[in-house]
Amino acid sequence: QLLLAESGGGLVQPGGSLRLSCAVSGSMASSSAMGWYRQAPGKQREMVAVIRRGVSTTYADSVKGRFTISRDYAKNTVDLQMDSLKFEDTAVYFCNVASFGYNYWGQGTQVTVSS
């Protein structure tokens, strides 16, 4: 079983940057995919970015060119660098790891983009 803990959320002005980090307890080596999802008030949870075994990545159209997902097997972390943030990026961001057919989720971290 894996435990995930997100950090790095906060309040930022439009155009600013934040870096989210997800610490994974347990080995990530067996995971098939790791990703970041978000859920805004009144909306369904949506995929933001996913990185699969190897180097394959997928980004939501709304964040392409602004967000970058990365992982560090040595540190057991999955990070999301968010640049050029917009009002519509405001949401709770969740880390996800898929391993052996199970989906593991963190508790979420709030990102608020406001002037």
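Quick note: structure is the one above.
Nothing here was measured: the structure is a model prediction, and the numbers come from that model.

Peer 1: Explain the sheet that holds strand β7 (residues 67-72) here, please?
Peer 2: What holds strands together in a sheet is hydrogen bonding between their backbones, with the strands either parallel or antiparallel. Here four strands make up an open sheet; going across it, the order is β1-β3-β8-β7 and the pairing antiparallel. Each of the sheet's edge strands pairs with one partner strand only, and the pair in question is β1 (3-7) and β7. With direction set aside, neighbouring strand axes in the sheet form an average angle of 15°. As judged from the five bridges shared by β1 and strand β3 (residues 18-25), these two strands associate in the antiparallel manner. Opposite E6, over in β3, you have C22 as the bridge partner.

Peer 1: Explanation requested: unusual backbone geometry in the structure shown.
Peer 2: Note: most residues except glycine have negative phi, and most peptide bonds are trans. Look at N76: it is not a glycine, yet its phi comes out positive at around 55°. Looking at where N76 falls in the secondary structure, it is placed in the loop between β7 and β8 (77-82). Given a relative accessible area of 17%, N76 falls into the buried group. With a phi angle near 50°, S84 is a residue other than glycine that sits in the positive phi range. By secondary structure assignment, the location of S84 is in the loop between β8 and β9 (91-99).

Peer 1: Would you mind showing me how to read the pairing of β7 here?
Peer 2: Residues in a regular strand point their side chains to alternate faces of the sheet. The sheet contact formed by β7 and β8 spans six bridges and is antiparallel. Considered in β8, the bridge of R71 is made with V78. If you look at the hairpin formed by β7 and β8, you'll find four residues sitting between the two strands, and N76 has a positive phi there, around 55°.

Definitions and limits used
- Residues numbered from 1 in each chain as written.
- Predicted model: local features only at pLDDT ≥ 70, side-chain atom pairs only at ≥ 80, totals over all residues.
- Heavy atoms only, no water.
- Pairing = 2+ DSSP bridges.
- Helix = DSSP H or I, 4+ residues; strand = E, 2+ residues; numbered from the N terminus.
- Axes fitted to C-alpha atoms, helices over the stretch in contact; angles between N-to-C directions.
- Buried < 20%, exposed > 50% of the residue type's maximum accessible area, 1.4 Å probe, protein only.

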